[in-house]
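This is what each chain is made of:
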Amino acid sequence: GFPTHKLFVLNNFLDIARYSNKYNIGKYFIYFGRLSPEKGLLSLLKAFLQVPDIELRIVGKGPQEQELKEFVKSNNMKNVSFIGFCEFDELEQHIEGCIASILLTEGFEPFGKSIIESFAYGKPVIGSSSGAIPEIISHNEDGFIYKRGDIESLTSYIRLLSNNPDLAIRLGRNGRRKVEEKYTIENHYKKLMEI
């Protein structure tokens, strides 16, 4: 019932100068954020069960942490490590060393700031078709969108990026360019003042 001329979208933004973009070839995938059920982390672990040769690092804390650790232990997964909470500098090192980040949210994700943070480091993102994620990730341009709950599709994108470092770098460059063009402090301020 709200008139559309009174509705505006003002995206989150980054201080792009804080983020390095080395475009290096990473060695693992990363999830960073809150460890809670709506983030789809059990689905993520099920995907990495199918790719035991590819490493996953989980950075963050939250109410689901113990359940996730028990899943890893009970399935004897040697390719998953829990890093815990990290301050900015340490988190930066983990992101810089990754192939790509993954955001699997199975709830409604209103924005997903970790996507543009990954882009800022020149890293592609694999994201689910949930909430606003498909509005931020351009499929096959700066990452991949898979249908929420489709573990096989998710696994195929993990393998694709792991086996094609040049592709990961190209998508990461596109992501960095997107942040520079769309998600800066200056753009945010300009749009805010227009509103």
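Remember, it's a predicted structure, so these values are computed and weren't measured experimentally.

Thoughts on the sheet that holds strand E3 (residues 80-84)
Right, so step 1: Read from one edge of the open sheet, six strands run E3-E2-E1-E4-E5-E6, paired in parallel fashion. The open sheet has two free edges, formed respectively by E3 and strand E6 (143-146), since each of these has just one partner strand. If you compare each strand with its neighbour and ignore which way they point, the axes differ by 20° on average.
Right, so step 2: In this fold helix H3 (residues 88-96) packs onto strand E1 (28-32), strand E2 (56-59), E3 and strand E4 (98-103), with an angle of close to 140° to the strand it touches most, E1.
Right, so step 3: In this fold helix H6 (residues 151-163) packs onto E1, E4, strand E5 (125-128) and E6, with an angle of close to 165° to the strand it touches most, E6.

Concerning the pairing of E4
Right, so step 1: Among the six residues in E4, six count as buried, and that is most of the element.
Right, so step 2: Pairing of E1 with E4 involves three bridges; the strand directions are parallel. Each bridged residue has a counterpart across the sheet, and for Phe29 the counterpart in E4 is Ala100.
Right, so step 3: Pairing of E4 with E5 involves three bridges; the strand directions are parallel.

Remarks on the packing of aromatic side chains
Right, so step 1: Taken as a whole, this structure holds five aromatic pairs when the rule is applied.
Right, so step 2: With 6.1 Å between their ring centres and 65° between their planes, Phe29 and Phe48 make a pair best called edge-to-face. Highlighted residues: Phe29 in strand E1 and Phe48 in helix H1 (residues 41-49), separated in sequence by 19 residues.
Right, so step 3: Of the residues examined, Phe48 reaches a relative accessible area of 0% and is grouped as buried.
Right, so step 4: With a centroid separation of 4.6 Å and an interplanar angle of 10°, the aromatic rings of Phe144 and Tyr157 are classed as stacked. Of the two residues, Phe144 is situated in strand E6 and Tyr157 in helix H6; the sequence distance between them amounts to 13 residues.
Right, so step 5: Accessibility expressed as a relative area gives 2% for Phe144, which makes it buried.
Right, so step 6: Aromatic rings pair up to connect Tyr19, Phe88 and Tyr121 into one cluster.
Right, so step 7: In this structure, Arg18 packs its charged tip against the face of Phe88, placed 4.0 Å from the ring centre.

Calculation criteria
Residues numbered from 1 in each chain as written. Predicted model: local features only at pLDDT ≥ 70, side-chain atom pairs only at ≥ 80, totals over all residues. Heavy atoms only, no water. Pairing = 2+ DSSP bridges. Helix = DSSP H or I, 4+ residues; strand = E, 2+ residues; numbered from the N terminus. Axes fitted to C-alpha atoms, helices over the stretch in contact; angles between N-to-C directions. Contact = heavy atoms within 4.5 Å. Buried < 20%, exposed > 50% of the residue type's maximum accessible area, 1.4 Å probe, protein only. Phe/Tyr/Trp six-rings, centres within 6.5 Å; stacked < 30°, edge-to-face > 60°. Lys NZ or Arg CZ within 6 Å of the ring centre and 35° of its normal.

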